[in-house]
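Here is how the chains run, residue by residue.
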Amino acid sequence: MRIRDFLGRRRTEAGSSPAVAAPKEREPLTPAQLADLGKAWVELNQAAEDAGVKTFRACTRDGSSWEDDPEAVRGMAALIRGLPRADEAASTDGDPAP
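It should be emphasised that the depicted structure is a prediction, and the values quoted were computed from it without experimental measurement.

Caption draft 1: Quick look at the overall build of the protein chain. Each helix and strand counted, the protein chain has four helices and zero strands in total. Secondary structure elements of the protein chain, listed N to C terminal, follow the sequence α-α-α-α. Burial status across the protein chain gives 12% buried among its 98 residues. For the protein chain, contacts bridging at least 24 residues in sequence account for 76% of all contacts bridging at least 6. Surface exposure of the protein chain reaches about 8,600 Å², of which carbon and sulfur atoms provide 54%.

Caption draft 2: Inspection of the packing of aromatic side chains at higher detail. Tallied over the entire structure, the rule returns two aromatic pairs. Each ring, one from Phe56 and one from Trp66, has its centre 6.4 Å from the other, and the planes form 45 degrees; the classification is tilted. Of this pair, Phe56 sits in the loop between helix H2 (31–51) and helix H3 (70–81) while Trp66 sits in the loop between H2 and H3, and the two are 10 residues apart along the sequence. Looking at Phe56, the relative accessible area reads 33%, which means it is partly exposed. Under the relative-accessibility criterion, Trp66 is labelled buried at 11%. Taken together, the aromatic side chains of Trp41, Phe56 and Trp66 make up a single cluster linked through ring pairs.

The rules behind the values
Residues numbered from 1 in each chain as written. Predicted model: local features only at pLDDT ≥ 70, side-chain atom pairs only at ≥ 80, totals over all residues. Heavy atoms only, no water. Helix = DSSP H or I, 4+ residues; strand = E, 2+ residues; numbered from the N terminus. Buried < 20%, exposed > 50% of the residue type's maximum accessible area, 1.4 Å probe, protein only. Contact = heavy atoms within 4.5 Å. Areas by Shrake-Rupley, 256 points an atom, 1.4 Å probe, with all protein chains shown as cover. Phe/Tyr/Trp six-rings, centres within 6.5 Å; stacked < 30°, edge-to-face > 60°.

As structure tokens, then:
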């Protein structure tokens, strides 16, 4: 792209913004779903502790809450389990690959 093309672009209107999906309204969780969610959070906390993760942040693309979805919480646990422990990563940083 040439500088003239860049400078010649038209600006978007001040009131316009890109389309963002509105978060879905979720129904209240049943007692069985709440129990499943609690188990998922136990799994996530254990995975974080095992991996040496102190804090993390997560968000969804559509602005919905992942924290109330057992599948999403278990997905975060699986993601964290795939991370190397901080102390293991530090000990292998200087070692060449075999």
